[in-house]
Amino acid sequence: MPDDMSRCVEELRAALALHGITLPSLRVDLPTFAAAYAPPAGLVALGNCNTATARALAAALRKAAER
């Protein structure tokens, strides 16, 4: 499970980068990383971002929804 969670974070980071978006605090949520829950119980912490990043993320999601 730890590799799967880390891979998920890296895939999300790469997908966001395709849109010029960086979430500096993007990471595996450590308490769920250490927990013994069955997959897909682990959480990804998206973290905080500034308003420019939040607007860029919203614009990318709207654009994808239009397709």
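What you see is a predicted model, and the numbers here were worked out from it, not measured in a lab. (Residues numbered from 1 in each chain as written. Predicted model: local features only at pLDDT ≥ 70, side-chain atom pairs only at ≥ 80, totals over all residues. Heavy atoms only, no water.)

**Considerations on helix H3 (residues 51-66)**
Alright, step 1. If you check H3, its first and last C-alpha atoms are 23 Å apart, about what 16 residues at 1.5 Å a residue would give, namely 22 Å.
Alright, step 2. Sitting at the amino-terminal end of H3 is Asn 50, which places a side-chain oxygen 3.2 Å from the backbone nitrogen of Ala 52. (Helix = DSSP H or I, 4+ residues; strand = E, 2+ residues; numbered from the N terminus. Expected span 1.5 Å × (residues − 1). Polar contact = N/O pair within 3.5 Å; in protein donor to acceptor, adjacent residues only side chain to side chain.)

**Some points on the pattern of salt bridges**
Should their charged atoms come close, side chains of opposite charge can pair.
Alright, step 1. Taken as a whole and judged by the stated rule, the model has one salt bridge.
Alright, step 2. Here Arg 13 and Glu 10 are joined by a salt bridge, their closest N and O atoms 2.6 Å apart. You can see Arg 13 and its partner Glu 10 sitting in helix H1 (residues 2-17), three residues apart, about one turn around the helix.
Alright, step 3. In this structure Arg 13 comes out as partly exposed when scored by relative accessible area, which is 31%.
Alright, step 4. Taking the relative accessible area as the measure of exposure, Glu 10 reaches 44% and is therefore partly exposed. (Salt bridge = Lys/Arg side-chain N within 4 Å of Asp/Glu carboxyl O. Buried < 20%, exposed > 50% of the residue type's maximum accessible area, 1.4 Å probe, protein only.)

**Description of the side chain of Thr 53**
Alright, step 1. Residue placement: Thr 53 occurs in helix H3.
Alright, step 2. Beyond its immediate chain neighbours, meaning those up to four positions away, Thr 53 contacts Ile 21, Thr 22 and Leu 23. (Contact = heavy atoms within 4.5 Å.)

**Side note on the side chain of Asp 29**
Alright, step 1. Counting through the fold element by element, Asp 29 comes out in the loop between strand E1 (27-28) and helix H2 (30-34).
Alright, step 2. For the buried Asp 29, no salt bridge exists, and the shortest N-O distance to an oppositely charged side chain is 4.3 Å, to Arg 27.
Alright, step 3. In contact with Asp 29, other than residues within four places in its own chain, are Met 5, Leu 43, Val 44 and Ala 45. (Lys, Arg positive; Asp, Glu negative; His and termini not counted.)

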